[in-house]
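Coordinate inspection notes
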Amino acid sequence: MIRFAPLAPLFGIETQDVDLSAPLSDTAWAELERAFYAHQVLAVRGQDLTAQQFLAFARRFGPPQPHVIDQFHHPADPNILILSNVKAADGRPTGLQDAGSYFHTDYSYLAVPARATTLYSRVVPKVGGDTLFANQLAAWDDLPEAMKRRVEPLVAIHHYGNRNDVDEASRTAASVLNVEQKAKMPVITHRIARRHPVTGRIALYAVSGSSFGIVGMPDDEARDLLDELAAFATQPKYQLRFRYGVGDVVVWDNAALLHSATLIDPADARTLWRVTVLEEARDAAAPAVLAASYASPAAH
Ligand SMILES: [Fe+2]
């Protein structure tokens, strides 16, 4: 039995009991997977992993999808994105800096979005660098009934970017793409009240970040509604602040959460490796027993 401890009262769980450098037994994986879907953020503390060992763990959650920003792919494997503010001896950046410093959902700008994002903390800054999470299952549950009825049929229009900061020089804009990368980015849609592909629970989905409009609604009205939902869904009572130690692996459920990086002093070294894995068609056929076990807030 793996021992877990809560990260916060509402959601998030951590363990010190697992060594991800060795292959996981089926039993251990089943416990970790259940903890992940029940608590939305799973932290496995104090790891010492190679790129391949980290990637092997991430693959347990789904198929990895390399990030569109390919200049910071890990040299050992393009499925790993390097997040870092460290400069090489020649002054060039070694990783993507200030990524995602606003509430968003990873890959919500793709038709098949991210199931999970896995970060492996390599270098921890002296001050800050936490990740904020906001629980969108709880936010949906708490929405007034009239708002639920209004939102339930709505479909949001997404593309790469941060709706609230499109200034490419800003540290809280989406990471800047080059011309070729921008050309790869589609405009797609997702329901705002989105059913979780594994647990079946409804969550507010990506109401901050890549959502720029709503199908069939004037732009100003859609923006006002998305902003109202985002303000509601990121209230402090729905948030968890995760603090990294060296070697921590954290994985989070993008279908259930918003998250935001926090800005740090650019001179305070920080490096993480990231693997993001996609949802899969087989999610629609998730075993009924698994979905049922997460069907109500009581499952927490
Ligand atoms: Fe992110």
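For every chain, the first residue of the written sequence is number 1, and numbering continues from 1 along that sequence. Owing to the predicted nature of the model, reporting of local features is limited to residues with pLDDT of at least 70; listing and counting of side-chain atom pairs is limited to 80 or more, with chain, interface and lining totals taken over all residues. As a rule here, side-chain values come from all non-hydrogen atoms in the structure, and water together with hydrogens is ignored.

Salt bridges, as used here, are contacts in which a Lys or Arg side-chain nitrogen is within 4 Å of a carboxyl oxygen on Asp or Glu. Overall, the coordinates contain 14 salt bridges when judged by the stated rule. Among the salt bridges present, the one from Arg-45 reaches Asp-248, with a minimum N-O distance of 2.5 Å. Residue Arg-45 is found in the loop between strand S3 (41-44) and helix H2 (51-59), and its partner Asp-248 is found in the loop between strand S13 (239-242) and strand S14 (249-253); the two are separated by 203 residues along the sequence. Here the two residues Arg-45 and Asp-248 agree in accessibility, since each one is buried. Where Glu-168 meets Lys-182, a salt bridge forms, and the shortest distance between an N and an O atom there is 2.9 Å. The helix and strand labels rest on DSSP assignments: H or I over at least four residues marks a helix, E over at least two residues marks a strand, and numbering proceeds from the N terminus. The cut-offs for exposure are 20% and 50% of the maximum accessible area for each residue type, with area from a 1.4 Å probe on protein chains only; residues under the lower value are buried, those over the upper are exposed, and the others partly exposed.

Four donors placed tetrahedrally around a metal ideally meet at 109.5 degrees, and six donors placed octahedrally ideally meet at 90 or 180 degrees. Counted as donors are N, O and S atoms no farther than 2.8 Å from the metal, or 3.2 Å for Na, K and Ca; water is not among the atoms, and sites may therefore look incomplete. Those protein atoms acting as donors to the iron ion are His-104 (NE2), Asp-106 (OD) and His-259 (NE2), and they sit at 2.1 to 2.2 Å. Linear spacing of the donor residues for the iron ion on their chain is H-x1-D-x152-H. Under the relative-accessibility criterion, His-104 is labelled buried at 9%. For Asp-106, a relative accessible area of 4% puts it in the buried group.

Below, the discussion takes up the packing of aromatic side chains. Note on ring pairs: Phe, Tyr and Trp rings are taken, using the six-membered ring of Trp, and paired if centres are within 6.5 Å. Classes follow the plane angle, with under 30 degrees stacked, over 60 edge-to-face and the rest tilted. Scanning the entire structure with this criterion turns up eleven aromatic pairs. Taking the centre distance of 5.7 Å and the plane angle of 75° together, the rings of Tyr-120 and Trp-273 count as edge-to-face. You can see Tyr-120 sitting in strand S6 (residues 114-123) and its partner Trp-273 sitting in strand S16 (residues 271-278), a full 153 residues away along the chain. We note that Tyr-120, like Trp-273, is buried. Members of the aromatic cluster, joined through ring pairs, are Trp-29, Phe-36, Tyr-37, Phe-57 and Phe-61. Residue placement shows Arg-122 over the ring face of Trp-273; its charged tip is 4.1 Å from the ring centre. In this analysis the charged atom, NZ for Lys or CZ for Arg, is taken to sit over a ring once it is within 6 Å of the ring centre and within 35 degrees of the ring normal. When the ring centre of Tyr-205 is taken as reference, the NZ or CZ atom of Arg-194 above it lies at 4.6 Å.

Turning our attention to the sheet that holds strand S9 (residues 188-191). Strands are treated as partners if at least two bridges between them are detected by DSSP. Read across the open sheet, the three strands follow the order S9-S8-S12; overall the sheet is antiparallel. The sheet is open, and its two edges are formed by S9 and strand S12 (211-214), each paired on a single side. Strand-to-strand twist across the sheet, computed as the mean angle between neighbouring axes with direction ignored, equals 40°. Two strands pair when backbone bridges link them, and strand S8 (residues 155-158) and S12 are joined in this way by three bridges, in the antiparallel orientation. When the bridges of S12 are listed, Ala-156 appears paired with Ile-214. Interaxial angles span 0 to 180 degrees and are taken between N-to-C directions of axes, which are lines fitted to C-alpha atoms, for helices over the stretch in contact.

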